[in-house]
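Residues per chain, in single letters:
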Amino acid sequence: MSVTTPKGFRASGVACGLKDGGRKDLALVLSEGPEFTASAVTTSNRVYAAPVGWTRQAVANGTLRAVVLNSGGANACTGEIGYEDAVATAHLVGRSVGAIPGDVAVCSTGLIGELLDMTCIRSGIEEAVSTLDPDGGSDAALAIMTTDTKAKVASIHSAAGYSIGGMAKGAGMLAPQLATMLVVITTDASIDPATARTALKDAVEVSFNRIDSDGCMSTNDTVILMASGASGVSPDPDEFTAELSALAQDLAAQLIGDAEGASHDISIEVSHASSQEAGVAVAKSVARSNLLKAAVFGNDPNWGRVLSSLGTVPERVAPFDPNQVDVAINGVTVCRGGGVGDPRESVDMSERLVTISIDLNAGEDFVRVLTNDLTYDYVTENSAYSS
């Protein structure tokens, strides 16, 4: 189960020397068609990496032949030289696989503010091209890891006769919009560029835009969808979007499950919101509370921190009556009608997953946002990231 699960794709992952210890650090995913439809969603950060700028241009016409990804260096805040390196990377891959450079997306991840070693990149591309394989998806997923402790992959086989596969990396700086992640999703469905754009945008909105580990937005976030058309199946657009969303949600949950230093995954579920936008705003306000995240780390069902967080959302964004809000933690209604509910001592938070259910009693919409607790290990890991 990987980016090479769908027909028409080969991939590879190699060690080119960007990371220490001989770890894999360069991945290549190649579409062999017969169609080369593609779409991408990238970071909304105004400070974005050189490869993000290149990839936006490359995918603008709705087609891609390949995507090359490196870990061990973000190529962000590297000026004109960094952009030239991203362009050179696309040219190297294009020449090697018989594609024009404009059909090659480039993605990087790692430390911001340092130039890539292009000698390593060149040798890595050469090896990656020579080792492309229909079963190479697992190696590619390993090669894009940074602080991740495990590779993130997923696949779906639709009853309609097509498949979707994906890989992702990300363990810190996980904050909407998107997260500090690189994601490549492939499908052998036959779809047009407009469908690809709409489906990916909708899928990202309910998955990667609804995880928030630490409130920090990256410069390199990129989600790419490539469709080979090799199955010969042209799915119903709504059906395809639903399948794509399910796969994206699977990958997003894996990102939170591997968040730096986390000991709890936290599912924040907002029901009876006045709108999707209102529900998301409330859920994110809770997900961004370091006080709450620290409480969860200590297995403390401190529901007052939930109430105080959701109360920061402006009424024009999320109308609700604070005196009508109910909050349950792992099934125990600790807050009822904005006041004291069942005894908090009844809440068991010993398991990895903590579910915080917020009933706004203000409408009909339901939203889920995933986050994690704040631990000593998170602080330790990020205090030493560049050393």
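Within every chain, residues take consecutive numbers counted from 1 along the sequence as written. At least 70 in pLDDT is required for a residue's local features to be given in this predicted model, at least 80 for side-chain atom pairs to be given and counted, and no such filter applies to totals for whole chains, interfaces and linings, which use all residues. Each side-chain value is derived from all of the structure's non-hydrogen atoms; neither hydrogens nor water enter the calculation.

S.K.: So what about the packing of helix α1 (residues 50–59) against helix α2 (residues 79–97)? Which residues, and what values?
M.R.: Each axis is a line fitted through C-alpha atoms, and for a helix only the stretch in contact is used; angles between axes span 0 to 180 degrees, taken between their N-to-C directions. Numbering of helices and strands runs from the N terminus, with a helix taken as a DSSP run of H or I at least four residues long and a strand as a DSSP run of E at least two residues long. Following both chains from N to C, one finds α1 and α2 inclined at 50 degrees, their axes separated by 8 Å at the closest point. With respect to α2, the axis of α1 lies oblique. For the element pair α1 and α2, the recorded crossing hand is right-handed. Between α1 and α2, the residues in contact are A50, P51, G53, W54 and Q57 and G82, Y83, A86, V87 and A90, respectively. Roughly parallel means an angle under 35 degrees; roughly antiparallel, over 145; roughly perpendicular, 65 to 115; everything else is oblique. Left-handed describes a crossing whose near helix is turned anticlockwise from the far helix by less than a right angle; the clockwise case is right-handed. The criterion used for residue contact is that any of the two residues' heavy atoms lie within 4.5 Å.

S.K.: Can you explain the sheet that holds strand β15 (residues 365–372)? Please cite residues and give values.
M.R.: Reading across from one edge, β13-β12-β11-β14-β10-β15 is the order of the six strands in this open sheet, with mixed pairing throughout. Each edge of the sheet is formed by a strand with only one pairing partner; in this case those strands are β13 (339–340) and β15. Along the sheet, helix α6 (residues 237–257) contacts β10 (265–273) and β15; its crossing angle with β15, the most-contacted strand, is approximately 35 degrees. At least two DSSP bridges between two strands are needed for those strands to be called paired.

S.K.: Residues and numbers for the pairing of strand β8 (residues 182–187), please.
M.R.: Each residue gets one of three labels from its accessible area relative to the maximum for its type: buried under 20%, exposed over 50%, partly exposed in between, using a 1.4 Å probe on protein chains only. For β8, the buried fraction is high: six of the six residues fall into the buried class. Taking every second residue as pointing to the same face, both faces of β8 are buried, with L182, V184 and T186 on one and V183, I185 and T187 on the other. With six bridges connecting them, strand β7 (residues 163–169) and β8 associate as antiparallel partners. Each residue of the ladder has a partner; that of I164, found in β8, is T187.

S.K.: Kindly report on the environment of R56, identifying the contributing residues and their values.
M.R.: Turning to its location among the elements, R56 is positioned in helix α1. Taking the C-alpha atoms as reference points, R56 and T222, separated by 166 residues in sequence, lie 9.6 Å from one another. Apart from the residues lying within four places of it in its own chain, the contact partners of R56 are T42, T43 and Y48.

S.K.: Explain the nonpolar core residue by residue, including any values.
M.R.: Taken as a class, soluble globular proteins show a tendency for nonpolar side chains to be buried jointly. What makes a nonpolar core is a set of buried Ala, Val, Leu, Ile, Met, Phe, Trp, Tyr and Cys residues whose side-chain atoms join them at distances within 4.5 Å. V67, L69 and M167 are the most contacted members of the largest nonpolar core, which has 48 residues in total. Here this core gets six residues from one element, more than from any other, and that element is helix α3 (residues 118–130). Of all hydrophobic cores here, the second largest spans 34 residues; its members include V286, W303, M349 and V369.

S.K.: Outline the pattern of salt bridges, supporting the account with residue identities and numerical values.
M.R.: Just to be clear on terms, a salt bridge is a Lys or Arg side-chain nitrogen sitting within 4 Å of an Asp or Glu carboxyl oxygen. Counting across every chain of the model gives seven salt bridges. Between R10 and E32 there is a salt bridge; the shortest N-O distance is 2.7 Å. Taken together, the residues span a long stretch of sequence, with R10 in strand β1 (residues 9–14) and E32 in the loop between β2 (26–31) and β3 (37–42) at a distance of 22 residues. Its relative accessible area of 24% is what places R10 among the partly exposed residues.

S.K.: Summarise unusual backbone geometry; cite the residues concerned and give the values.
M.R.: The residue after G33, namely P34, is reached through a cis peptide bond having omega 20 degrees. Inspection of the secondary structure assignment puts P34 in the loop between β2 and β3. The phi dihedral of N75 falls on the positive side, at around 50 degrees, and the residue is not glycine. Judged by relative accessible area, which is 1%, N75 ranks as buried. The phi dihedral of N299 falls on the positive side, at around 55 degrees, and the residue is not glycine. Within the element layout of this structure, N299 appears in the loop between α8 (290–297) and α9 (304–310). Residue N299 is classed as partly exposed on the basis of its relative accessible area, which comes to 39%.

S.K.: So what's going on with the sheet that holds β8? Which residues, and what values?
M.R.: The strand order across the open sheet built from five strands is β3-β9-β8-β7-β6, with neighbouring strands paired in mixed fashion. On the outer flanks of this sheet lie β3 and β6 (152–157), each paired with one strand and no other. Between one strand axis and the next, the sheet turns through 10 degrees on average, direction left out of account. Its contacts with the sheet put α1 on β3 and β9 (222–227), and the angle it makes with β3 is roughly 145 degrees. On the sheet, α6 packs against β6, β7, β8 and β9 and is oriented at approximately 155 degrees with respect to β6.

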